[in-house]
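Descriptive structure summary
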Amino acid sequence: MIHIESVKYDGKKIILLDQTKLPLEEVYLEIETLKDLWDAIFELKVRGAPAIGIAAAYGVALGASQLTETEYVSFFEKYEEISDYLASSRPTAVNLFWALNRMKKTLMDNKNMAIPDIKQILHNEADAIKKDDAEICTAIGEYGLTLLQDGMTLLTHCNTGGIATAKYGTALAPIYLAKERGMDIKVFADETRPLLQGARLTAWELMKADVDVTLITDSMAAMVMQQGKVDAVIVGCDRIAANGDTANKIGTYGLAVLAQKHNIPFYVASPLSTIDMETSTGAEIPIEERSATEITHGLGKQTAPDGVKVFNPAFDVTPNELITAIITEKGIIQAPYSEHLKVLFV
Ligand SMILES: CSC[C@H]1O[C@H](OP(=O)(O)O)[C@H](O)[C@@H]1O
């Protein structure tokens, strides 16, 4: 697999692969202000729960590096403003908050250090979050691989590949490892309306890795399952509640219902950083609602009448009872999730 780093930081600027330009252009943005980073996260120039967390970690490191406060109390106050600002960019992917919390803890754990040293420590911690994520996604790939057999066809939704993480991705990680080990795995990729992450990003990523991928519209998923063409569904996630209810890209819940109807395993691939034990059920997961124009003017072309009412939730919640297993870096978790997820955090 050709690894593309979608988020980098050199101490003065964050370099982001602009995912809104794919698949036609590979454009890298040089982000030097917090507003530009906030906008990049909100506009999905950087996207995917783990990648959002990594970008936010570099965001507070960048913001801290630009602070002029020379003593801890005022430095910390300004730092909190930076962190709270980035936390307001998108509400659903818990990795954003997990990364910001880890960075703030690092700052507080080093409050007796000199300010210049604190700034370097924050940079190092953000690098560690990225490095950890690459190892975590590799481990998710290894565990996910144990669920795959040569000749299987998988269906996936949205984009959960290398560009959404530090490497390999989550749901795509086992697919990449299978390819690297010479296994014959085929993939149906849902285009994933309205922003088409599946068509624009997953199809692009998998073709670059020479994986056999077939693009379908979201509405075709039912038919390919009905025709017996899908051996398993594997998706990513943005937040898993303590009982296993899972928020993921809009359309995921429908796939889970279809998978149950057709007796097809439904797997969720998730780093522990996307499991939110503070949120007890899916009903409490904040679901981002996005602008009407993403639907009425999909990618710039008007396809609906002016003034039409629109509902545009970016995510939905799959009840835990529809999930066959959750693939994490610590192993494959099955129901009862309330019991089995808790064990991961002891
Ligand atoms: C490993 S990516 C997880 C998750 O993030 C995506 O959402 P978005 O494209 O809005 O950032 C999608 O829900 C993926 O499954």
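Note that the structure is a prediction, hence the values are computed from the model and not measured.

Comments concerning the UniProt feature "binding site: substrate" (unreviewed entry) in the protein chain
The UniProt entry lists Arg-47, Gly-48, Ala-49, Arg-90, Gln-197, Asn-248 and Lys-249 under the feature "binding site: substrate" (unreviewed entry), expressed in the numbering used here. Mapped onto the fold, Gly-48 is located in the loop between α1 (34-42) and α2 (49-65). Residue class for Gly-48 comes out buried when judged on its relative accessible area of 12%. Setting aside anything within four residues of it in sequence, one finds Lys-249 in contact with Arg-90, His-157, Cys-158, Thr-192, Gln-197, Asp-238, Ala-314, Phe-315 and Asp-316.

Thoughts on the pattern of salt bridges
Overall, the coordinates contain 17 salt bridges when judged by the stated rule. Across the pair Lys-35 and Asp-39 runs a salt bridge, and its minimum N-O distance is 2.5 Å. Here Lys-35 and its partner Asp-39 are both found in helix α1, four residues apart, which amounts to about one turn of the helix. Two residues, Arg-102 and Glu-125, come together in a salt bridge whose shortest N-O distance is 2.6 Å. Of this pair, Arg-102 sits in helix α4 (residues 94-109) while Glu-125 is found in helix α5 (residues 115-145), placing the two residues 23 residues apart along the sequence. For Glu-125, a relative accessible area of 18% translates into the label buried. Three or more residues joined by partner-sharing salt bridges are found here, namely Arg-90, Glu-288, Arg-290 and Glu-294.

Conventions adopted
- Residues numbered from 1 in each chain as written.
- Predicted model: local features only at pLDDT ≥ 70, side-chain atom pairs only at ≥ 80, totals over all residues.
- Heavy atoms only, no water.
- UniProt positions renumbered as here; feature names shortened; annotations may be inferred.
- Helix = DSSP H or I, 4+ residues; strand = E, 2+ residues; numbered from the N terminus.
- Buried < 20%, exposed > 50% of the residue type's maximum accessible area, 1.4 Å probe, protein only.
- Contact = heavy atoms within 4.5 Å.
- Salt bridge = Lys/Arg side-chain N within 4 Å of Asp/Glu carboxyl O.

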